[in-house]
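# Close look at the chain arrangement
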Amino acid sequence: MDPNNTAQTQPARASKSSQPTFASYQRHGRTTAIDDHHDLQVLKRIKRYLLPKDFVISQDLLEEMVAGYDIGDPLTDTLAADGLRFAKPLQQLILDNKTDSKLAAHPSFSALAEQFSDHPTWFDPQLAQTGAVAYRRYPLMLIWLLRNVALMAGYSIPALSLPLIQTGALMHDALPRLMRTYAYILAVSEHPLLPKTSTRMPRARGPIDSVLAIGSEGWRQSIQVRQIHTLVRQNLLSGKNNAAKGVATEADQHRNPDGSWNTAYWGVPINQTDMIATHLQFSLLIMRGLRLLGARISSEEAEGILHLWNLASYWMGVDLERLPKDEAACWEWLYTYLSIQQLDFEMGQPLAKALHDLPRQLMGEDNRRGRFVEMVNASVTRTLVGDDIGDGLALPKSKFRFGVLSSVPILFALDTARQHNQTVATKLEAFRAKRQDNMNWWLKKNDAYYQ
């Protein structure tokens, strides 16, 4: 398959006659009727500004999404079922030619080794590099959008938030989880400049044109995160994660009588469809947020960002045939997905509060700067995602909330100067690299992986 050949792989846009007239796709409790959320602000904005005037939801796409609920990561799930961990042996096999005899004989491990040993034929390194440069250009805006748009928007969807609640992720360990997620999205777009202080062999920072190279930080972390997702999926299916006690009611969790994950209601945890939604959170939504905040992202850069994340998602176990193939198709996919997701703001509130409260946890409960940063963060969510989701997640309101849009003329002016003056572009890149490295302070201080 060639993901760049949209003529071959992109399904035709649904005609008005294909508008679903029955609920055959509502085979899971998590799935609502397509018009249940028609007044949700984010859906109204997508439909008004980002979709064709004649757009209607495709029955075929609905069926594909629902089928994806029941598919996890077949290769790694097979390894996990056999009690095998693959991350370290896979890296050793590909980078050092060290073979684990037990794993080498496993067909799923062999398939993984083939997937990670070389780039797929459809991958265009130059296009990915173009996207990577645009994606990482403003690291402060990047973490703003990760925290306040990509993550917060997902907290209103219980199918996405419940696995985080049951494992305790982004609730009891909000700062470590946030910083590691931030480190991963930066690793996808470049090798993070994180000096190591231990006696272990340092990981060399490759040249900037080797974005997502074999052996790069993004490559390594994709393998590691894929293994973590697999183990979490297995633990959730078996009912081993109980961090939701006292946070979400048993009724809201819809557990099976034996306490295990209810696949009939939720689908498989961390499934193909939800992984694509995460893919779009980190690519499409962040890209849209950068544009709204004033960044000038060209159509080629937008294509590059999606191409970059296509490879990252492929390495994370997403079936490429399911990924939307261009920016327009991404918005159609996301609109369709959001239209049929059951919403539960109450379940997402603990996650939202943990993330919202981080500044004062770091700076002190009575710190004015901490309170100001929290209000700015909440304003970003309300401005870019919508007041209905902000209200549902119990985020505070500020009468100066639209002050976040003051960044628009600033970023627009900087990007204009960068495009026309190489000296300005060089200075901005130097400032970006320094600022980004400073923002990794927690990882360098507390995470053994980066020490």
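As shown above, the structure is provided for reference.
Attention in this report is confined to the structure presented alongside it.

Rules and cut-offs
- Residues numbered from 1 in each chain as written.
- Predicted model: local features only at pLDDT ≥ 70, side-chain atom pairs only at ≥ 80, totals over all residues.
- Heavy atoms only, no water.
- Core = buried A, V, L, I, M, F, W, Y, C linked by side-chain atoms within 4.5 Å.
- Buried < 20%, exposed > 50% of the residue type's maximum accessible area, 1.4 Å probe, protein only.
- Contact = heavy atoms within 4.5 Å.
- Helix = DSSP H or I, 4+ residues; strand = E, 2+ residues; numbered from the N terminus.
- Phe/Tyr/Trp six-rings, centres within 6.5 Å; stacked < 30°, edge-to-face > 60°.
- Lys NZ or Arg CZ within 6 Å of the ring centre and 35° of its normal.

## Considering the nonpolar core
Within the largest apolar cluster, 122 residues are counted, with the highest numbers of intra-cluster contacts made by L146, Y182, I185, I286 and W309. Discounting residues that sit within four places of it in the chain, I286 has contacts with Y135, L142, L145, L146, A150, I185 and Q281.

## Section: unusual backbone geometry
Notably, L212 is not glycine yet its phi reads approximately 55°, a positive angle. Structurally, the position occupied by L212 is in the loop between α11 (174-189) and α12 (217-238). Taking the relative accessible area as the measure of exposure, L212 reaches 1% and is therefore buried. Notably, H254 is not glycine yet its phi reads approximately 55°, a positive angle. With respect to the element layout, H254 can be found in the loop between α13 (250-253) and α14 (263-266).

## Describing the packing of aromatic side chains
Here the structure, examined in full by the defined rule, presents 11 aromatic pairs. Measuring from ring centre to ring centre gives 6.1 Å for Y184 and W309, while their planes differ by 75°; the resulting arrangement is edge-to-face. Here the residue Y184 occupies a position in helix α11, and W309 occupies one in helix α16 (residues 299-315), the gap between them amounting to 125 residues. Judged on exposure class, the residue Y184 and its partner W309 are both buried. Taken together, the aromatic side chains of Y135, Y184, F282 and W309 make up a single cluster linked through ring pairs. The ring of Y69 is capped by R30, whose NZ or CZ atom sits 3.9 Å from the centre of that ring.

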